[in-house]
Amino acid sequence: MLQTVFIRENREKVIEALGKRNIDATEMVDEVIALDEKRRSTQVELDTVLSESNKLSKDIGEMMKAGEKEKALLLKEKTGQLKEQSKELSEELNKVSEELLQVLYKLPNLPADIVPAGKTPEDNLEVHREGDIPQLFEGALPHWELAKKYDIIDFELGNKIAGAGFPVYKGKGARLQRALITYFLDKNTDAGYKEYQVPHLVNEASGYGTGQLPDKEGQMYHVGLDDMYLIPTAEVPVTNFFRDVIIPENELPVLCTAYTPCFRREAGSYGAHVRGLNRLHQFDKVEIVRVEHPDNSYAALDGMVEHVKTLLQELKLPYRILRLCGGDMGFTSALTYDFEVFSTAQDRWLEISSVSNFETFQANRLKLRFRDKDNKNHLAHTLNGSSLALPRVLAGILENYQTPEGIVVPEVLRPYTGFDIIN
């Protein structure tokens, strides 16, 4: 959530920056400024009434002590009027504050200066590419056919149990999935991230804290009876560890990692690009989250990008990195790098990770602050990234490592799987 004082003092800058997202935010920005002015004037009026009421109360007490009962009773009538006035002003203040909050919730984060302009994924900027795309043998198959051939993923069984987008992993497929999860967690903890196991359901406050609500409400599974949400990513529970927390500056940065299943409705998804593991309603992902000092957050973002690179280098998968344009960037992000792995059998790139800096956007919602050496509180910066999302990594492994004899397991995973080929 953008800070109201920043919007008020930088109206033109905010409108121009959100224009990079292809949003004309003029009306909303002006509404924020008008509501903020009304909120502040109402607060001043309320403070004046409360101050006058407190003064009269003291005067009444002194009059009663001095035996001036009649004068005191006259002033009591005035305090009654002030009490009613303060009640009305408090209600008005709460109403205006809530209206202001609802408008602020609709404004996305401001893109960083280096975010390229653009409207669609075609406008994203490729900043890095690595790895050789293998030449597959004649008769090579896409991963969904490989899954059936080697009996390692059953899409039809998942459809029977739950519906499309809920696969069942079997045998060596399940073990390869577990190997990837453990490998990613080991790499993250070796890099200094503390591992957590977290709830897979969150309350509404957590959804608002990280910006999934109200922006992505239609994409989240809602458990109506309990008013809970199935998590779309471990980012939500992990980042909410720090809601309403003040961290001493000398304890920054804070590094966290967690594996969770993730649940996304993916409303409107259809067609060839969602076949197999390309897009699921339930999938596994290992996440990294950082809380950083604002001065260090972009260096930390670069470090996260390098960390994800090492995972793909060790898996020996061809990949590229994109700096997302304003029109393709997430609601809460100031800068995002997407990693994509090349699916050889499908002849297309598949997104497997997003690494983002949110600056103070989430921290402002969360009231996540750090206390400096002068005992002053400041909003922290939050960052997160996938390291990694499993389905498309698995799709890349199955397709790029297939041979006529079977699917070779990447060497780095063999200590985790206990086998070196799926055949």
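Right above here is the structure, for reference.
Rules used in this analysis
- Residues numbered from 1 in each chain as written.
- Predicted model: local features only at pLDDT ≥ 70, side-chain atom pairs only at ≥ 80, totals over all residues.
- Heavy atoms only, no water.
- Helix = DSSP H or I, 4+ residues; strand = E, 2+ residues; numbered from the N terminus.
- Buried < 20%, exposed > 50% of the residue type's maximum accessible area, 1.4 Å probe, protein only.
- Contact = heavy atoms within 4.5 Å.
- Areas by Shrake-Rupley, 256 points an atom, 1.4 Å probe, with all protein chains shown as cover.
- Lys, Arg positive; Asp, Glu negative; His and termini not counted.
- Charge placed at Lys NZ, Arg CZ, Asp CG, Glu CD.
- Salt bridge = Lys/Arg side-chain N within 4 Å of Asp/Glu carboxyl O.
- Pairing = 2+ DSSP bridges.
- Axes fitted to C-alpha atoms, helices over the stretch in contact; angles between N-to-C directions.
- Expected span 1.5 Å × (residues − 1).
- Parallel < 35°, antiparallel > 145°, perpendicular 65-115°, else oblique.
- Left-handed = near helix turned anticlockwise from the far one by under 90°.
- Core = buried A, V, L, I, M, F, W, Y, C linked by side-chain atoms within 4.5 Å.

A. Representation of the overall build of the protein in the model. When helices and strands are counted, the protein shows 13 helices and 19 strands. The C-alpha extent of the protein, read off along each of the three principal axes, is 105 × 45 × 45 Å. A burial count over the protein gives 48% of its 423 residues as buried. Nonlocal contacts in the protein, meaning residues at least 24 apart in sequence, comprise 74% of its contacts between residues at least 6 apart. Here the protein displays about 20700 Å² of accessible surface, and carbon together with sulfur accounts for 48% of that area. Taking the average location of the 51 positive side-chain charges in the protein and that of its 66 negative ones, the two points are 3 Å from each other.

B. Geometry of the side chain of Ser-386. Tracing the sequence through the fold places Ser-386 in strand E16 (residues 381–389). Take Ser-386: its relative accessible area is 8%, and that puts it in the buried class. Once residues lying within four places of it in the same chain are set aside, the contact partners of Ser-386 are Lys-285, Val-286, Glu-287, Val-308, Ile-352, Ser-353 and Ser-354.

C. Quick look at the pattern of salt bridges. A full pass over the atoms with the stated rule returns 18 salt bridges. For the salt bridge of Arg-40 with Asp-36, the shortest nitrogen-to-oxygen distance reads 3.4 Å. Linking Arg-40 with Asp-36, this pair stays in helix H3 (residues 26–65), spanning 4 residues, or about one helical turn. Bridged by salt links that share partners, the residues Arg-8, Asp-36, Glu-37, Arg-39 and Arg-40 form one connected network.

D. Examining the sheet that holds strand E11 (residues 319–323) more closely. In spatial order, the strands read E1-E11-E12-E13-E16-E10-E9-E4; together these 8 strands make up an open sheet with mixed pairing. With partners counted over all chains shown, the strands left at the sheet margins are strand E1 (125–130) and strand E4 (194–196), one partner each. Ignoring strand direction, the axes of neighbouring strands in this sheet form an average angle of 25°. In this structure, E1 lies alongside E11, joined through 5 bridges in antiparallel fashion. From the neighbouring strand, Glu-130 faces E11, where its bridge partner is Tyr-319. Each of E4, strand E9 (254–263), strand E10 (282–292) and E16 touches helix H7 (residues 171–190); the most contacted strand, E10, lies at about 5° to it. Sitting on the sheet, helix H12 (residues 390–400) is in contact with E10, strand E12 (335–343), strand E13 (348–359) and E16, with an inclination near 35° to E16.

E. Just helix H10 (residues 297–315), in detail. Taking 1.5 Å per residue as the helical rise, H10 with its 19 residues ought to reach 27 Å, and the 28 Å between its terminal C-alpha atoms agrees with that figure. Listed in full, the buried residues belonging to H10 are Ser-297, Ala-300, Leu-301, Met-304, Val-305, His-307, Val-308, Lys-309, Leu-311, Leu-312 and Leu-315.

F. Looking closely at the packing of H7 against H10. In contact at an axis separation of 11 Å, H7 and H10 are set at 135° when each is read in the N-to-C sense. Relative to H10, the element H7 lies oblique. Judged by the twist between their axes, the crossing of H7 over H10 is right-handed. For the pair formed by H7 and H10, the contact residues are Leu-180, Tyr-183, Phe-184, Lys-187 and Asn-188 on the first element and His-307, Thr-310, Leu-311, Glu-314 and Leu-315 on the second.

G. Main features of the environment of Thr-260. Among the secondary structure elements, Thr-260 is positioned in strand E9. Accessibility expressed as a relative area gives 0% for Thr-260, which makes it buried. Spatially, the C-alpha atoms of Thr-260 and Arg-40 are 43 Å apart, while their sequence positions differ by 220 residues. With sequence-adjacent residues up to four places away left out, Thr-260 is seen in contact with Val-198, His-200, Ile-231, Thr-233, Ala-234, Phe-283, Asp-284 and Lys-285.

H. Expanded view of the nonpolar core. Of all hydrophobic cores here, the largest spans 54 residues; its most connected members are Leu-180, Phe-184, Leu-315, Phe-339 and Val-393. Ranked by residue count, the leading element in this core is H10, at 8 residues. When neighbours within four sequence positions are excluded, Leu-180 is seen to be in contact with Leu-315, Leu-390, Val-393, Leu-394, Ile-397 and Leu-413.

Interpretation note: all reported values are geometric properties and have no functional meaning in isolation.
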